[in-house]
Amino acid sequence: MQRRLAAIVHADLAGFTRMMEGAETRTFRHLKSAQIEVWRPAIEASQGRLVGTAGDAMLAEFASAVTAVGAAIDIQERMARFNEALQADQRMMFRIGVHLGEVIIDEEDQNIFGDGVNLAARIQALAEPGGIAVSRAVRDLVELKVEYTFADGGDQQLKNVSRAVQIFHVRHARQAPVGTTTRMVPQITLRFEGPDSAGRKHAFDVALDKLVTQPQGMVIGRSADQCELVVPHATVSRRHARLSLAGEALQVEDLGSTNGTAINGVALAAGAPVALHAGSKLRIGDVDLVIRQV
């Protein structure tokens, strides 16, 4: 049984189930085109190896963390250009996770296994649609190109991982929060409250002065260990949507959820923040939440 140290890149398509339900043949065609036109050439250009694909997931390995992160950035830049030709609801928004760890190699088919691969997959799930998340081990070894920066995503308790893992998001410099900027936000609390289709009530409160201190925003989802705002319902994804502030305006962004997010009946495209106001109805999966000031 062979082992080696590798930089592992794991990717998954946000909202894949919903896209397949809406247009199976078209989604499959776009996914194959992305693999051929974007993923393979980007990985080969960085001397990496595409280990395999399974549905909407892709796994690659590289000899170093530097080349792995460089390839991940190259892929997302190429995907942005690829998506320009597609309508908003058809765009392929991949989450990418990068981790450095020891892997086990299957000599028969050269597949890779081990904790390193599992961690890369868990980290990928915390990335934003169209974004990249990396482990502390990767961040400590990589110096990014000048137009990119690391944003601390904090310690995360990952599923089936006994220890907390610190992650970092790779962001374009123009998207990075400026730590010295002071933003004055009124001390307003908004209550999100409403029933699911079975009539069970769900609710949570959001204080805007607290939200402004969260540069990554607050995530809504059913996973208590991955979200600040928990909605425990089967139709709500583990990480479903994100609330954030743009100036003093509240906005919501779908994170590639399985069952979608809508405002007043209008479905949101994954990765595209939309303004949210008191009195609006926010639908998260099968749960309808009316927003009011308290």
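The rules we used
- Here the residue index of a chain counts from 1 through its sequence in written order.
- Thresholds applied to this predicted model are a pLDDT of at least 70 for local features of residues and 80 or more for the giving and counting of side-chain atom pairs; totals over whole chains, interfaces and linings are not thresholded and use all residues.
- As a rule here, side-chain values come from all non-hydrogen atoms in the structure, and water together with hydrogens is ignored.
- Under the pairing criterion, centres of Phe, Tyr and Trp rings, with the six-membered ring standing for Trp, must be within 6.5 Å; the plane angle then separates stacked pairs below 30 degrees from edge-to-face pairs above 60, leaving the rest tilted.
- Where helices and strands are cited, they refer to DSSP runs of H or I of at least four residues and of E of at least two residues respectively, numbered from the N terminus.
- Only protein chains enter the area calculation, which uses a 1.4 Å probe; residues under 20% of their type maximum are buried, those over 50% are exposed, and those in between are partly exposed.
- Following DSSP output, two strands are said to pair if at least two bridges run between them.
- Confidence per residue, as judged by the predictor, is encoded in pLDDT with a range of 0 to 100.
- Two residues form a contact once any of their heavy atoms are found within 4.5 Å.
- To qualify as a nonpolar core, a set must consist of buried Ala, Val, Leu, Ile, Met, Phe, Trp, Tyr and Cys residues joined through side-chain atoms within 4.5 Å.

Applying the stated criterion to the full structure yields three aromatic pairs. Look at Trp-39 and Phe-94: their rings are 5.4 Å apart centre to centre, the planes differ by 70 degrees, and that puts the pair in the edge-to-face class. Taken as a pair, Trp-39 in helix α2 (residues 24-45) and Phe-94 in strand β4 (residues 94-105) lie far apart in primary sequence, 55 residues in all. In this structure Phe-94 comes out as buried when scored by relative accessible area, which is 0%.

To continue, consider the sheet that holds strand β17 (residues 274-275). Taken in spatial order, the five strands of this open sheet run β12-β11-β13-β14-β17, and their pairing is mixed. Each edge of the sheet is formed by a strand with only one pairing partner; in this case those strands are β12 (229-230) and β17. Pairing geometry for strand β11 (residues 218-221) and strand β13 (residues 241-246), over three bridges, is antiparallel. Opposite Met-218, over in β13, you have Leu-243 as the bridge partner.

Right, let's talk about the confidence of the model for the chain for a bit. When pLDDT is averaged along the chain, the result is 87; 94% of the residues meet or exceed 70. Note that residues 177-185 has pLDDT below 50 and, in this model, ten contacts with residues that lie over four places away or in other chains.

Okay, the nonpolar core next. Within the largest apolar cluster, 38 residues are counted, with the highest numbers of intra-cluster contacts made by Trp-39, Met-79, Met-92, Phe-94, Ile-96 and Val-98. When residues of this core are traced back to their parent elements, those giving at least two are β1 (2-13), α1 (16-22), α2, β3 (57-62), α3 (65-83), β4, β6 (132-135) and β8 (165-172). Counting residues per element, this core draws most heavily on α3, at nine residues. In this structure Met-92 touches Leu-13, Met-19, Thr-27, His-30, Leu-31, Met-79, Phe-82, Asn-83 and Leu-86, once residues within four positions along its chain are discounted. Leu-190, Phe-204, Val-252 and Val-287 belong to the second largest nonpolar core, which has 24 residues in total.

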